[in-house]
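Summary of the model geometry
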Amino acid sequence: MPSAPTAVLQRLAKLGIQRRFDLILHLPLRYEDETHLYPIADAPVGETVLVEGEVTHNEVTYRPRRQLVCQVKDEGAVLHVRFLNFYPSQVKQFAIGNRVRLLGEIRHGFFGDEMVHPKTRVVKDGASLAESLTPVYPTTAGLAQPALRKLIATAMGDKPLADTLPATVLDTLNLPAFDGSVRLLHNPPPDVAQRALTEREHPAWQRLKFDELLAQQLSMRTAYRARRDKSAPILACAGDLAKQLLTSLPFGLTGAQQRVVNEIGLDLTRPYPMQRLLQGDVGSGKTIVAALAALHAIESGYQAALMAPTEILAEQHYLKLSTWLAPLGIEVAWLAGSLRKSAKTAQLARVASGEAKLAIGTHALFQDQVEFQQLGLSIVDEQHRFGVHQRLALRSKGHSPHQLMMSATPIPRTLSMSYYADLDVSVIDELPPGRTPVVTKLVSDARRDEIIERVRMKCLEGRQAYWVCPLIEESEALQLQTALDTYTVLVESLPELKVGLVHGRMKASEKAEVMAAFKINDVQLLVATTVIEVGVDVPNACLMVIEHAERMGLSQLHQLRGRVGRGAVESTCILLYTTPLSDTAKARLKVIYENTDGFEIARQDLHLRGPGEFLGARQSGAPMLRFADLEKDLHLLEAAQEVAEQLLDQAPSVAEAHLSRWLGSRTDLLKV
Ligand code: ADP
Ligand code: MG
């Protein structure tokens, strides 16, 4: 790092710059062209141009407002220059007779051609022009462009920067050298293809983007390999328990389910821990896959744990898996935060003794008192809802158990190739047969009464419905109040129906009671906050109303909608919205209205939000991409994936040098 005052270092740190190479890799956002001087009369309008002339007039006027108004003249024309905000030093620059160089956009004003707030420099006649385009860097308050430029130039130095990649790799991919590429990006020659630079398509950009993607792959794959170096129990069995369970089910596995069951089964027979992410849209049937994986561990003489993010979901799993496994003589333990102390002690004892082969619960499963006799497999449902630390805690139970993470939020391929490259990924890309697609309707909140009528009709026909209350992020109290109000109104409007309410603030036992009543159709209409988002499975429910759908994210809407359409009857999802709608809200509602495929929705969501927001919690564990654009640079991503494996296998020291250049001290961020 170049020596600089502490204040400057602090500002650099704000930009993520801590080392010399961070400065070198701090690349321009755009460029200004000060290499070419236009005669005022010929300068194109509406583009940033550099002109030069003599100041012939200056005046501070007060009408219509306070401003500095000047005139600058060259051989052929006069340019009006205005500053609405200005410093005394600027007035001085425009002293009559000064030669000034102005960088800005010319537009046709009322009094003739004018430039507003140009970048100004007083020059002597014949002063030389810049030899390269002027970079404009992302910066922060108190760190001006010239200062940053100087720091970067110093960091670059005059000596060529070493290339981290061997020439063979660069030749194959047809990429230019690192040194030339960064130098070009910091100081492009005047004749460079400017569009290619701005669009980041220039070979120099390609090189930098490739390097960045490669660093990401290397760090993800290093973490992956490090976990592979740990040992895990080899789980080998004949599969009798799985066979027994499958014969007892009223359905057979879909092709996709069978495929992922095989993938998982193979992983479990390895002497190192499985680290697999199972993705499947809502309703694709992940629970049975989890159950079969658990049986694999159990038949091999080990225990399994299944953890879910909410107590409602964990309990559903507990009920379902207990029913499935009881006939096989397998005991299931239940661990949740709401258990009374004595009950908890009893459950803990069953887990510790090995009497319970499967433990199901919420994050209570990875508290310190929980000891397994011999944990072989841990399964995490809805993994994206857990923080990294919680997942790690479960992994440290026992001797590196195999790990299966499940997610109903489909991850677009480019993302799973990049930010999830440290996991193996299985995808259930097929829904069980016999599902009728859900019809989605967008309805203005003004027509709420009609919708209430519709709920009445459906429920009187013997069907059931959900009414989902809006998400109010600013205030949980407000959200609860809204749910209570909605509930009261619906109870009053629908006296002939039994209406139930679940919300996040209820005790687990109360929630469970309402859910159980809904399950057996004792409750026809379930009013809920978004707690029902995951895991509820009531096939008779075929109508869902979502209030203030415009406030919800795409994946959340998709998850919610997945609660209906689980039986054979046609289901409807009504998205109530309140006007006026913002453009993003409109775009989101359009996507959810037009699509039912979770992967397509996720792809469009990624497009609307960008990877940072899309990834949410995972982002904190992974180095974000600054330069590469996953949609545009898929070919580079694919190449980086391949080269990363090659380097890790054949040239680990090259891999290490590359990683340390790109990530520096951040290399250990990724131990997830
Ligand atoms: P999710 O992937 O959302 O967790 P679930 O495991 O809850 O999905 O399954 C949704 C519903 O589909 C459940 O009622 C489940 O019993 C049923 N199901 C799962 N697999 C099949 C299948 N192959 N054929 C028919 N129904 C299935
Ligand atoms: Mg599920």
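Now for a quick tour of the structure. Treat the numbers as computed from the prediction; the structure is a model and nothing was measured.

**Quick notes on the pattern of salt bridges**
- For the structure shown, the criterion picks out 32 salt bridges.
- In this structure, Glu52 and Arg99 form a salt bridge, with 2.9 Å as the shortest nitrogen-oxygen distance. You can see Glu52 sitting in strand E2 (residues 48-61) and its partner Arg99 sitting in strand E5 (residues 99-109), a full 47 residues away along the chain.
- On the basis of relative accessibility, which here comes to 8%, the residue Glu52 falls in the buried class.
- A salt bridge links Glu645 to Arg225, with the nearest nitrogen and oxygen atoms 2.7 Å apart. With Glu645 in helix H22 (residues 634-650) and Arg225 in helix H8 (residues 203-228), this residue pair connects regions lying 420 residues apart in the sequence.
- By relative accessible area, Glu645 is classed as partly exposed at 24%.
- Classification of Arg225 by relative accessible area gives partly exposed; the value is 25%.
- Each of Arg259, Glu263, Asp267, Arg276 and Asp429 takes part in salt bridges that share partners, so that together they form one network.

**Regarding the packing of H8 against helix H23 (residues 652-663)**
- It is at 9 Å that the axes of H8 and H23 come closest, and there the two elements cross at 110°. Between H8 and H23, the angle is such that the two are roughly perpendicular. Pair H8 / H23 crosses with left-handed handedness. Along the contact surface, H8 presents Leu208, Asp211, Glu212, Leu214, Ala215, Leu218, Ser219 and Thr222, while H23 presents Ala655, His658, Leu659, Trp662 and Leu663.
- Tallied by class, the residues present in the contact of H8 with H23 amount to 8 nonpolar, 3 polar and 2 charged.

**Digging into the environment of Thr269**
- Structurally, the position occupied by Thr269 is in the loop between helix H10 (255-268) and strand E9 (275-280).
- Between the C-alpha atom of Thr269 and that of Glu594, which follows or precedes it by 325 residues, the distance is 43 Å.
- Setting aside residues up to four positions removed in sequence, Thr269 forms contacts with Ile234, Leu235 and His296.

Thresholds, definitions, all that
Residues numbered from 1 in each chain as written. Chains lettered and ligands numbered in written order. Predicted model: local features only at pLDDT ≥ 70, side-chain atom pairs only at ≥ 80, totals over all residues. Heavy atoms only, no water. Salt bridge = Lys/Arg side-chain N within 4 Å of Asp/Glu carboxyl O. Helix = DSSP H or I, 4+ residues; strand = E, 2+ residues; numbered from the N terminus. Buried < 20%, exposed > 50% of the residue type's maximum accessible area, 1.4 Å probe, protein only. Axes fitted to C-alpha atoms, helices over the stretch in contact; angles between N-to-C directions. Parallel < 35°, antiparallel > 145°, perpendicular 65-115°, else oblique. Left-handed = near helix turned anticlockwise from the far one by under 90°. Contact = heavy atoms within 4.5 Å. Nonpolar A, V, L, I, M, F, W, Y, C, P; charged D, E, K, R; others polar.

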